[in-house]
Amino acid sequence: MHDLTRGSIPKHLIKMAIPMMIGMIIQTLYFLVDLYFVGNLGGNALAGLSLAGNAMFLIFALTQILNVGTTALISHAAGRKDAKDANAVFNQSMMLASLMALVVMFLGYLGSDTYLTSISTDLATIEAGQRYLHWFLPGMALQFPLVAVSAALRGAGIVKPTMLIQTLSIIVNIILSPILIIGWGTDFPMGIAGAGLASTISVVVAVVMLCVYFVKAEKFVTFKVSLWRVDSAIIKRLLGIGLPAGGEFFLMFAYMGLIYWLIQHFGPEAQAGFGLGSRIMQSLFLPAMAIAFAAPAVAGQNFGAKQFDRVRETFFGQP
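Quick caveat: nothing in here was measured; it's all calculated off a predicted structure.

Visitor: Looking at this structure, I do not really get the overall build of the chain. What am I missing?
Guide: Counting secondary structure elements, the chain contains 10 helices and zero strands. Secondary structure elements of the chain occur, N-terminal to C-terminal, as α-α-α-α-α-α-α-α-α-α. Here the chain holds 319 residues, and 54% of them are scored as buried. Surface exposure of the chain reaches about 14,600 Å², of which carbon and sulfur atoms provide 72%.

Right under this line is the structure:
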């Protein structure tokens, strides 16, 4: 655990934000590489990727509930030096993450066709979106334990290992994309399915590396299956903090879905163009989100330590 209740607030924010900003910039590069190779497959493939990719906003909404709730509660516990409560919160978060991952896999394979046909009338685009989703759904499901562990580390004031692991996984994705999508070196192009598989493999790599680090290096919070029994009080605390943040991403999912539905009659090229522009715009905002992710951990630990002047300083600076 990194104690954020002592020392300079601006230094803590910068120290936590810079690694996250680096990771987000590299993630922006991944978005562009992914779009480049899928774009070479044609308008239907790019439109299918865009429609399927919009489902990630629903995943973001659900993971953000765990992300914000877990970071806040563990940072509060870290500020109080209350390892017992931090472990209870973390293991309840992991239990919820596992359940949500199973639900996403089940509903994803069951309902992906319904989702895609509701926002597109082009059969080639729907087929491309299905191929992508079927290979990427395991990666979507694994986002839940990945976020739960990352949030626990951030609440404890640790971000650099997460950034390094995220960077390595994105590099794996960038390397695999041309190999799997267009068959570089293998002469076995998978097309848009390769983009989904590349993303899933990169998430698997990230989950494995992060769990290995967590088990070996983190001592403040640990995996304890005995703490996975449903604790309604802790779940209520997690949801009370996380649901508002998740609601924002759910509205984005609904808004984007509405736009795709409205423009479907203009053809797959229009949907592909909208999806391309949206992804580029989203990538531009990623570095700005680094401070937003750093501040809650710093404020949370000081809130738990009842140092309310430092909480105010985190958000508003020194008076």
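Visitor: So what exactly am I meant to see when it comes to the pattern of salt bridges here?
Guide: Opposite charge on two side chains makes pairing possible when the charged atoms of those side chains draw close. Counting across every chain of the model gives four salt bridges. The salt bridge involving aspartate 85 is made with arginine 80; its shortest N-O contact spans 2.9 Å. Take aspartate 85: its relative accessible area is 14%, and that puts it in the buried class. Overall, arginine 80 belongs to the partly exposed group, its relative accessible area being 39%. The residue glutamate 127 makes a salt bridge to arginine 131 at a minimum N-O spacing of 3.3 Å. Residue glutamate 127 and its partner arginine 131 are both found in helix α4 (residues 123-155); the two are separated by four residues, about one turn of the helix.

Visitor: Before we go on, may I ask you to explain unusual backbone geometry in this structure?
Guide: Peptide bonds are trans in most cases, and residues, glycine excluded, mostly fall at negative phi. Backbone geometry at lysine 81 places phi at a positive 60°, although glycine is not the residue there. Along the polypeptide, lysine 81 turns up in the loop between α2 (43-80) and α3 (83-119). The residue aspartate 187 is not glycine, and still its phi comes out positive at about 55°. You can see aspartate 187 is positioned in the loop between α5 (160-181) and α6 (192-217).

Visitor: For this particular structure, what's the right way to read the confidence of the model for the chain?
Guide: Any region with low pLDDT has predicted coordinates that should not be read closely. Taken over all residues, the pLDDT of the chain has a mean of 83, while the share at 70 or more is 90%. Between the elements of the chain, mean pLDDT differs from a low of 70, seen in helix α9 (residues 289-304), to a high of 91, seen in α3.

Visitor: Would you explain the packing of α3 against α4 in this entry?
Guide: Following both chains from N to C, one finds α3 and α4 inclined at 170°, their axes separated by 9 Å at the closest point. Classified by the angle their axes make, α3 and α4 are roughly antiparallel. Residue composition of the contact of α3 with α4, by class: 20 nonpolar, seven polar and one charged.

Visitor: Explain α3 here, please?
Guide: Every α-helix winds through 3.6 residues per turn, so residues three or four apart in the chain are directed the same way. In a regular helix each residue adds 1.5 Å, so 37 residues correspond to 54 Å; α3 covers only 47 Å between its end C-alpha atoms and thus falls short of that length. Remark: the principal bend of α3, roughly 55°, maps to glycine 111.

Visitor: Where do I start with the environment of alanine 17 in this structure?
Guide: You can see alanine 17 is positioned in helix α1 (residues 9-39). The exposure class of alanine 17 is buried, given its relative accessible area of 3%. Considered as a pair, alanine 17 and alanine 295 are 278 residues apart in the sequence and their alpha carbons are 8.5 Å apart.

Visitor: It is not clear to me how the packing of α3 against helix α7 (residues 232-263) should be interpreted in this structure. Could you clarify?
Guide: When two helices pack together, you describe them by how their axes are tilted relative to each other and by the distance separating the axes. With their axes 13 Å apart at the nearest point, α3 and α7 run at an angle of 20° to one another. When the interaxial angle is binned, α3 and α7 end up roughly parallel. The chirality of how α3 crosses α7 is right-handed. Along its contact with α3, which presents Asp85, Ala88, Val89, Gln92, Ser93, Met95, Leu96, Tyr115, Ser118 and Ile119, the element α7 presents Ile234, Ile235, Arg237, Leu238, Phe253, Gly257, Tyr260 and Trp261. Across the contact of α3 with α7, the residue classes tally to 12 nonpolar, four polar and two charged.

Visitor: Explain the nonpolar core here, please?
Guide: Note that soluble globular proteins tend to have their nonpolar side chains buried in a common cluster. With 68 residues, the main nonpolar core has Val38, Phe90, Met140 and Phe144 as its most contacted residues. Counting residues per element, this core draws most heavily on α2, which supplies 16 residues. Each residue touching phenylalanine 144, except ones within four places of it in the same chain, is listed here: Ile59, Leu62, Thr63, Leu66, Ala97, Met100, Ala101 and Val104. Membership of the second largest hydrophobic core comes to seven residues, among which are Met16, Val159, Ala297 and Val298.

Visitor: Even after reading the chapter, I still don't get the environment of methionine 163, so can you show me in this structure?
Guide: Structurally, methionine 163 is set in helix α5. Remark: the alpha-carbon pair of methionine 163 and isoleucine 18, spanning 145 residues in sequence, is separated by 9.5 Å.

Visitor: Just checking my understanding: could you explain the environment of arginine 131 for this structure?
Guide: The class of arginine 131 is partly exposed, set by a relative accessible area of 36%. Taking the C-alpha atoms as reference, arginine 131 lies 9.1 Å from glycine 191; in sequence the two are 60 residues apart.

Visitor: How should I be thinking about the packing of aromatic side chains in this particular structure?
Guide: Geometry of an aromatic ring pair is reported as the spacing of the ring centres plus the angle between the planes. In the structure shown here, the tally under the stated rule is nine aromatic pairs. Between the aromatic rings of phenylalanine 57 and phenylalanine 60, the centroid separation amounts to 6.0 Å while the plane-to-plane angle is 85°, which identifies the pairing as edge-to-face. Taken together, the residues span about one helical turn, with phenylalanine 57 and phenylalanine 60 both in helix α2 at a distance of three residues. On the basis of relative accessible area, phenylalanine 57 is assigned to the buried category, the value being 6%. Joined through ring pairs, the aromatic side chains of Phe90, Phe214 and Phe223 make up one cluster.

What counts, and at which threshold
- Residues numbered from 1 in each chain as written.
- Predicted model: local features only at pLDDT ≥ 70, side-chain atom pairs only at ≥ 80, totals over all residues.
- Heavy atoms only, no water.
- Helix = DSSP H or I, 4+ residues; strand = E, 2+ residues; numbered from the N terminus.
- Buried < 20%, exposed > 50% of the residue type's maximum accessible area, 1.4 Å probe, protein only.
- Areas by Shrake-Rupley, 256 points an atom, 1.4 Å probe, with all protein chains shown as cover.
- Salt bridge = Lys/Arg side-chain N within 4 Å of Asp/Glu carboxyl O.
- pLDDT = per-residue confidence, 0-100.
- Axes fitted to C-alpha atoms, helices over the stretch in contact; angles between N-to-C directions.
- Parallel < 35°, antiparallel > 145°, perpendicular 65-115°, else oblique.
- Nonpolar A, V, L, I, M, F, W, Y, C, P; charged D, E, K, R; others polar.
- Expected span 1.5 Å × (residues − 1).
- Bend = angle between axes of the 7 residues up to and from the residue.
- Left-handed = near helix turned anticlockwise from the far one by under 90°.
- Contact = heavy atoms within 4.5 Å.
- Core = buried A, V, L, I, M, F, W, Y, C linked by side-chain atoms within 4.5 Å.
- Phe/Tyr/Trp six-rings, centres within 6.5 Å; stacked < 30°, edge-to-face > 60°.

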